[in-house]
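# Understanding the architecture of this molecule
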Amino acid sequence: MSIYQKKSYLLLFIYSLLVIINQYFWISFTTITPEVAKIYKTTSYNIGLLTIIFPIVYIIISLPVGIFIDRYGYQKAIILGSVIMTAFSLLRMSSIFNLVFVGQLGIAFAQPFLLNSSAKFSQENFVQRMVSIAIGISVISIFLGIALGTILPPLFISNSHQYYLLTQYWIIISASVSVLFIIFVSLYIPKRRQEHKKLDFLRIFRKKDLFVFYFVILIGMGSFIGLLTWADEIFLPMGYSEINVGLISFLFIIGSMLGSFIIPYLSTIYGRPKILILSMVVSAFIILSITVINNVTISMALMSVLGIFFSGSFPLIIGWSSELAGKDLSGSTTSALWFFGNIGGTVIPLLMPYSFRISDLNSYFFILLIISLLLLLAIPFIFSLKTLSPST
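If you're wondering where the values come from, they're calculated on a predicted model, not measured in any experiment. (Residues numbered from 1 in each chain as written. Predicted model: local features only at pLDDT ≥ 70, side-chain atom pairs only at ≥ 80, totals over all residues. Heavy atoms only, no water.)

A positive phi is found at Lys 41, a non-glycine position, where the angle reads about 55°. Mapped onto the elements, Lys 41 comes out in the loop between helix 2 (33–39) and helix 3 (44–72). Overall, Lys 41 belongs to the exposed group, its relative accessible area being 76%. (Helix = DSSP H or I, 4+ residues; strand = E, 2+ residues; numbered from the N terminus. Buried < 20%, exposed > 50% of the residue type's maximum accessible area, 1.4 Å probe, protein only.)

Structure (structure tokens):
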């Protein structure tokens with residue numbers, strides 16, 4: 001491994017740490033809502049807003065952030081995101097809820113600068129066959145941050161002192177990693193000459209091939225968040241215990257982490273079209289079988305496999321779509337993907353309970369059937385993309 005490759009992997013590690021920290025700040029209130037509500041003397045609903053504002057802010061600013069990334073580079077975007085995140089995280093130390101809300105709003109604003117930079121970062125630091133794998137590692141960081149944000153707070157927080165202490169530790173970590181990234185980029189990453197050519201940002205919406213990926217990401221992220229959101233409603237009526245449902249959700253996330261590396265790696269061997277189509281087929285049939293197979297062990301196994309193929313295809317889609325749009329618009333393309341993904345992640349979970357009420361089967365089978373059919377519907381269009389990419 002050359003010195004340049006070692007520097008690239010080290011920079012990827014630092015960048016992944018920033019993503020983990022950001023995801024922790026986003027989700028860390030969800031499993032300690034009652035405790036935090038007491039600390040700030042407010043309602044559980046208000047504490048829930050500290051998490052809900054993230055996808056709303058993401059939808060609003062994702063596309064402008066993509067333009068910023070393509071125009072000024074991933075380095076400036078990540079540095080700006082990390083500085084904003086660290087600065088506003090200081091407000092989490094306040095005892096006034098409104099200031100904490102402003103802090104979360106600032107961290108939510110920083111999120112797209114970090115997450116949307118993954119494709120541009122990977123394309124400029126890794127050879128083409130490694131781009132999807134590098135993006136996959138950044139996606140693993142998203143899931144790892146979510147896992148830490150849901151697991152750590154309940155384990156370490158039982159009073160206000162412990163809450164502020166843990167918050168302080170994460171702020172220190174955020175500041176340290178941000179400084180480390182700035183130093184590393186300044187010293188070891190060669191400064192590229194800024195090309196002041198006019199970029200056609202609307203190309204990402206005129207190129208019809210990209211809408212295949214926008215569609216898959218919209219359905220995919222919406223289904224992922226929906227399955228996690230309504231896991232109790234889906235599995236408890238089947239006679240599963242709360243512990244079993246928790247394990248099913250946990251294994252789904254673990255599978256997603258593993259898949260974010262496995263699926264991009266397999267695509268370098270067998271080609272992206274074959275692996276993505278296989279992922280769509282496997283995911284569709286597992287999603288369809290969730291409410292049919294009433295066996296907790298099989299359900300755990302199926303949800304693990306679903307995480308591998310379903311969520312594991314996300315980095316593959318990000319890398320492939322960025323290549324189709326062109327390297328000069330990879331930031332905007334990634335931003336468009338997250339834009340549609342967050343729309344799906346907001347709308348589909350809201351629609352899922354309504355499908356339960358209108359279904360004569362008194363289960364989520366109806367909406368899961370629709371999701372499965374929509375995933376299968378995308379397959380013929382993925383076939384048509386096969387000749388458009390040099391890496392097949």
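Looking now at the pattern of salt bridges. Counted according to the given criterion, the structure contains three salt bridges. Ionic pairing is found between Arg 203 and Asp 328, a salt bridge with its closest N-O pair at 3.3 Å. Of this pair, Arg 203 sits in helix 9 (residues 203–206) while Asp 328 sits in the loop between helix 15 (313–325) and helix 16 (330–358); the two residues are 125 residues apart in sequence, bridging distant segments of the chain. Since its relative accessible area comes to 23%, Asp 328 is described here as partly exposed. Close ionic contact of Arg 272 with Glu 323 constitutes a salt bridge, the shortest N to O distance being 3.1 Å. Linking Arg 272 in helix 13 (residues 272–289) with Glu 323 in helix 15, this pair joins segments that are 51 residues apart in sequence. (Salt bridge = Lys/Arg side-chain N within 4 Å of Asp/Glu carboxyl O.)

This brings us to the nonpolar core. Residues Tyr 40, Tyr 163, Phe 213, Phe 235, Leu 306 and Leu 368 are the most contacted members of the largest nonpolar core, which totals 125 residues. Dropping the residues within four chain positions of it, Leu 306 is found in contact with Leu 227, Phe 252, Ser 283, Ile 286, Ile 287, Ile 290 and Ser 311. (Core = buried A, V, L, I, M, F, W, Y, C linked by side-chain atoms within 4.5 Å. Contact = heavy atoms within 4.5 Å.)

A separate point is a nonpolar patch on the surface. Taken together, Ile 151, Leu 155, Phe 156, Ile 243, Leu 247 and Phe 250 make up a surface patch of nonpolar side chains, about 620 Å² in accessible area. The residue Leu 247 is located in helix 12 (residues 242–270) in this model. (Patch = residues over 30% accessible without salt bridge, like charges linked within 9 Å, V, L, I, M, F, W, Y side chains within 5 Å. Areas by Shrake-Rupley, 256 points an atom, 1.4 Å probe, with all protein chains shown as cover.)

With that settled, consider the packing of aromatic side chains. Between two aromatic rings, the relevant description is the distance of the centres plus the angle of the planes. Here the structure, examined in full by the defined rule, presents 23 aromatic pairs. Geometrically, the ring pair formed by Tyr 58 and Trp 338 is tilted, given 6.3 Å between the ring centres and 45° between the ring planes. Here the residue Tyr 58 occupies a position in helix 3, and Trp 338 occupies one in helix 16, the gap between them amounting to 280 residues. An aromatic cluster is defined as three or more aromatic residues linked by ring pairs; in this entry it consists of Phe 205, Phe 211, Tyr 214, Phe 339 and Phe 340. (Phe/Tyr/Trp six-rings, centres within 6.5 Å; stacked < 30°, edge-to-face > 60°.)

What follows deals with helix 15. One turn of the α-helix equals 3.6 residues, which is why residues spaced by three or four share an orientation. Taking 1.5 Å of rise per residue, 13 residues should cover 18 Å, and helix 15 covers 18 Å from first to last C-alpha, within 8% of that figure. The buried fraction of helix 15 is high, at 12 of 13 residues. By the burial criterion, the buried members of helix 15 are Ser 313, Phe 314, Pro 315, Leu 316, Ile 317, Ile 318, Gly 319, Trp 320, Ser 321, Ser 322, Leu 324 and Ala 325. Where helix 15 terminates, the next one or two residues include Gly 326, which has phi positive at roughly 110°. (Expected span 1.5 Å × (residues − 1).)

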